[in-house]
Amino acid sequence: MQLCIHLDLQQQVRNLARQHQGRLAHNGIHNVAVLVLDTHSGEVLAYLGNLEGLASEHSPGVDLVQAARSPGSLLKPALYALAVDEGLALPQE
């Protein structure tokens, strides 16, 4: 994996992650990680392993991009996206 971090994109990713973390904290989600890749070249364009400044009990020093996790944690977003694409999961009106 080749790193080619774009400063402007990195700052946008950090700002968006902070905004979303503020909303997600109300649901008990305190950590945010973002990895932005160029799908053609495989270059890493932005990398946020976790947000700094979190309370110590939420492990802000853990790089969540590289942290080991169960297969279910990786499959849930993909399965949800597939269900939305197939019209199986729709927002409540």
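Refer to the preceding data block for the structure.
Remember, predicted model here, so these are calculated numbers, not experimental data. (Residues numbered from 1 in each chain as written. Predicted model: local features only at pLDDT ≥ 70, side-chain atom pairs only at ≥ 80, totals over all residues. Heavy atoms only, no water.)

So, the pairing of strand 2 (residues 44-48)
The buried count for strand 2 comes to five of five residues, which makes it a mostly enclosed element. Pairing analysis gives four bridges linking strand 1 (residues 34-37) to strand 2, with the strands arranged antiparallel. Its bridge partner lying in strand 2, V36 is registered against A46. Here strand 1 hands over to strand 2 after six residues, with G42 in that stretch at a positive phi of 80 degrees. (Buried < 20%, exposed > 50% of the residue type's maximum accessible area, 1.4 Å probe, protein only. Helix = DSSP H or I, 4+ residues; strand = E, 2+ residues; numbered from the N terminus. Pairing = 2+ DSSP bridges.)

Section: helix 2 (residues 71-85)
In an α-helix, one turn spans 3.6 residues; hence positions three or four apart end up facing the same way. With 15 residues, helix 2 extends 21 Å from end C-alpha to end C-alpha; this agrees with the ideal 21 Å at 1.5 Å per step. Looking one or two places after helix 2, you find G87, whose phi comes out positive at around 80 degrees. (Expected span 1.5 Å × (residues − 1).)

Digging into the nonpolar core
Listed in full, the six residues of the largest apolar core are V13, A17, V32, A46, L48 and L51. Listing elements by their share of this core, those giving two or more residues are helix 1 (7-24) and strand 2. Those residues within four positions of L48 in sequence are excluded, and the remaining contacts are Q10, V13, R14, A17, V32, A33, V34 and V65. (Core = buried A, V, L, I, M, F, W, Y, C linked by side-chain atoms within 4.5 Å. Contact = heavy atoms within 4.5 Å.)

Let's talk about helix 1
Compared with the 26 Å implied by 1.5 Å per residue over 18 residues, the 25 Å span of helix 1 between its first and last C-alpha is a close match. Residues Q10, V13, A17 and Q21 constitute the buried set of helix 1. Buried residues in helix 1, looked at end-on, bunch into an arc of 65 degrees, giving them a common side. For helix 1, the exposed residues lying more than 90 degrees away from the buried face are D8 and R23. Buried residues along helix 1 sit in contact with strand 1 and strand 2. (Arc of directions from axis to C-beta.)

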